[in-house]
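# Chain and residue survey
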Amino acid sequence: MSGHSKWHNIQATKNKADAARGKIFTKIGREIAVAVKLGGADPNINNKLYDVIQKAKQNNMPNENIQRSIKKAAGGEDGGNYDSITYEGYGSHGVAFIVECLTDNRNRTAADVRHLFDKYGGSLGTAGSVTYMFDYKGIIVIEKSKASEDEVMMLALDSGADDVSNEEDYYEIVTKPEMLHTVAKAFEDAGLEVASSEVNYVPQNEIELDKDAAVSISKLVVALEDLDDVQNVYTNANLDFLD
């Protein structure tokens, strides 16, 4: 099934310059602040914080940075009161976009996102205008070098996953959003390294584009992801062949 291209993008981002990694750390720091505010600073009882910490580790965020972010948030020193906002719209060639943001200034974020859609030939839509084209699912990625297919299948089924797909160099485990934490933790407790575990918008059908159109769409994706307030960008365009 679809939904794995975002993991490829994460791997590519990991290999970029320190400045790019710093931007990722800043965004994860915001997620930590929100998680601590909602459920407290103890990941043993705050599942959301536990999941964000795992995401931080998967992105090679140093433990001292993680702990510093938790302490700042717990002490009210994170410097921001972040709102979660989701924008929907269309890029060029009829490609649907969902853009998830955490922001301390809604007006700034709306203006920045709208500007980029306009710049790259797209337009923002209303709430619900494109989400019906996507399924909201938990996606867990296990690299094939870390586990056998039998191990993955058995753990996935026993822990309540919905589906497992065998991709070229990794296994993709699909869960209901509310089961992501339980299933991912089952793999971690079994000593199997999780490469990625997130709740994603997975397109029900992907749009196939020619190379020029795909490059144009990818430019909008990169520009959106470069905004400090943007956490995740999803499209229903198949951009895998650009990797």
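Before reading further, recall that the structure is shown in the block above.
None of the values given here were measured: they were computed from a predicted structure.

Turning next to the packing of aromatic side chains. Inspection of the entire model under this criterion finds four aromatic pairs. Seen from their ring centres, Y136 and Y201 are 4.7 Å apart, and the 40° between their planes marks the pair as tilted. You can see Y136 sitting in strand β4 (residues 134-143) and its partner Y201 sitting in strand β7 (residues 196-203), a full 65 residues away along the chain. Relative accessible area serves as the criterion here: at 17%, Y201 is assigned to the buried category. Judged by centre distance (5.5 Å) and plane angle (70°), the ring pair of Y201 and Y234 falls under edge-to-face. One end of the pair, Y201, is in strand β7; the other, Y234, is in strand β8 (residues 230-235), with 33 residues separating them in the sequence. Each member of the pair, Y201 as well as Y234, is classed as buried. Taken together, F134, Y136, Y201 and Y234 form an aromatic cluster joined through their ring pairs.

Let's shift gears to the sheet that holds strand β5 (residues 163-166). Within the open sheet, the four strands sit side by side as β5-β6-β4-β7. Their pairing is antiparallel. At either end of the open sheet lies a strand with only one pairing partner, and these are β5 and β7. Strand-to-strand twist in this sheet, taken as the mean axis angle between neighbours without regard to direction, amounts to 30°. In terms of strand pairing, β4 meets β7 through eight bridges, oriented antiparallel. Across the sheet, the residue bridging to F134 is P203, located in β7. Across the sheet, helix α7 (residues 180-189) lies against β4, β6 (170-175) and β7, angled at about 5° from β4, the strand it touches most.

Take the nonpolar core next. Membership of the largest hydrophobic core comes to 22 residues, with the highest contact counts inside it found for F97, V99, V113, I217 and L224. For this core, the secondary-structure elements that each account for two or more residues are β1 (83-90), β2 (96-103), α5 (106-119), α8 (211-225) and β8. Sequence-distant contacts of L224, that is, excluding residues within four places in its chain, are made with F97, V99, V113, L116, F117, V230 and V233. Core analysis: the next-biggest nonpolar cluster, separate from the first, contains 17 residues, I24, F25, A33 and I70 among them.

Turning to helix α3 (residues 47-58), a few remarks are in order. Counted at 1.5 Å a residue, the expected span for α3 with its twelve residues is 16 Å, and the 16 Å between its end C-alpha atoms agrees. The N-cap residue of α3 is N46: its side-chain oxygen and the backbone nitrogen of K48 are 3.2 Å apart. Two residues or fewer past α3, N60 is found with a positive phi of approximately 60°.

Now for the packing of α5 against α8. Interhelical geometry of α5 versus α8 gives an angle of 165° and a closest axis separation of 10 Å. Between α5 and α8, the angle falls in the class roughly antiparallel. By crossing handedness, the relation of α5 to α8 is classed as right-handed. Only L220, A223 and L224 of α8 make contact with α5, whose side of the interface consists of V113, L116 and F117. In terms of residue class, the contact of α5 with α8 is built from six nonpolar, no polar and no charged.

Rules used in this analysis
- Residues numbered from 1 in each chain as written.
- Predicted model: local features only at pLDDT ≥ 70, side-chain atom pairs only at ≥ 80, totals over all residues.
- Heavy atoms only, no water.
- Phe/Tyr/Trp six-rings, centres within 6.5 Å; stacked < 30°, edge-to-face > 60°.
- Helix = DSSP H or I, 4+ residues; strand = E, 2+ residues; numbered from the N terminus.
- Buried < 20%, exposed > 50% of the residue type's maximum accessible area, 1.4 Å probe, protein only.
- Pairing = 2+ DSSP bridges.
- Axes fitted to C-alpha atoms, helices over the stretch in contact; angles between N-to-C directions.
- Contact = heavy atoms within 4.5 Å.
- Core = buried A, V, L, I, M, F, W, Y, C linked by side-chain atoms within 4.5 Å.
- Expected span 1.5 Å × (residues − 1).
- Polar contact = N/O pair within 3.5 Å; in protein donor to acceptor, adjacent residues only side chain to side chain.
- Parallel < 35°, antiparallel > 145°, perpendicular 65-115°, else oblique.
- Left-handed = near helix turned anticlockwise from the far one by under 90°.
- Nonpolar A, V, L, I, M, F, W, Y, C, P; charged D, E, K, R; others polar.

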